[in-house]
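Now for the letters of each chain:
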Amino acid sequence: MTRSTLEAVVAANHELFMRTGDRIEAVLAEHGLTPATAQALWAIDPDQAPPSMKTLAGRLYCNAPNLSFVMNQLTDRGLVERTADPADRRSRVVALTDDGRRVREAVIEATLALTPFARLGDEELRKLVELLGKALASEEEKAQDPAGRPPTAPS
């Protein structure tokens, strides 16, 4: 792989991200969302158990204070609820409200309709998912030790 090829891929990835963000800006505004609050809604799968704040921070690649700021915005809008984790009362979990589910679905539908990826065919999308998965897997592998165990926090 040459630097110019890798640079072209990174530039194209950035351009796709920016175009999609630009295209969904009106939809986000209609729902009173920012890109960060929309991403947080997307990261809460209503078909799974509500994630802990720690899990959600990991999904969003942010720290606890940033996540709290975003969750406060979503809570104030009535889109999520934070409650004590039934398995660990010291931890908080985040669940979508009915309105949160509705807004989440509207954002996802708009994003899928407006993304430049929508012009690709099914086979092209499958190949892209495979390639992106491969790139992401290699990043995850870097974070594991040679035995394949996740890293532990320093003592």
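Preceding this paragraph is the structure being described.
Just so it is clear, the model here is predicted, and its values are computed rather than measured.

Analysis parameters
- Residues numbered from 1 in each chain as written.
- Predicted model: local features only at pLDDT ≥ 70, side-chain atom pairs only at ≥ 80, totals over all residues.
- Heavy atoms only, no water.
- Salt bridge = Lys/Arg side-chain N within 4 Å of Asp/Glu carboxyl O.
- Helix = DSSP H or I, 4+ residues; strand = E, 2+ residues; numbered from the N terminus.
- Buried < 20%, exposed > 50% of the residue type's maximum accessible area, 1.4 Å probe, protein only.
- Contact = heavy atoms within 4.5 Å.
- Core = buried A, V, L, I, M, F, W, Y, C linked by side-chain atoms within 4.5 Å.

Draft legend 1. Representation of the pattern of salt bridges within the structure. Going through the model one piece at a time under the given rule, you end up with five salt bridges. A salt bridge links glutamate 7 to arginine 3; the shortest N-O distance between them is 3.8 Å. With a gap of four residues between them, glutamate 7 and arginine 3 both fall in helix H1 (residues 3-30), about one helical turn apart. A salt bridge links glutamate 15 to arginine 19; the nearest nitrogen and oxygen atoms lie 2.8 Å apart. Placement of the pair is glutamate 15 and arginine 19 together in helix H1, with a separation of four residues, close to one helical turn. Judged by relative accessible area, which is 38%, glutamate 15 ranks as partly exposed.

Draft legend 2. Quick peek at the side chain of histidine 31. Structurally, histidine 31 is set in the loop between H1 and helix H2 (35-42). Discounting chain neighbours no more than four positions away, the residues touching histidine 31 are Arg77, Arg102, Val103 and Ala106.

Draft legend 3. The nonpolar core, seen in detail. Of all hydrophobic cores here, the largest spans 22 residues; its most connected members are Leu33, Leu41, Leu56, Met71, Leu74 and Val80. Looking at this core, the elements with two or more residues in it are H1, H2, helix H3 (53-60), helix H4 (64-76), strand S2 (88-96) and helix H5 (98-114). Filtering out sequence-adjacent residues up to four positions away, leucine 41 remains in contact with Leu33, Leu74, Leu79, Val80, Leu96, Gly100, Val103 and Arg104.

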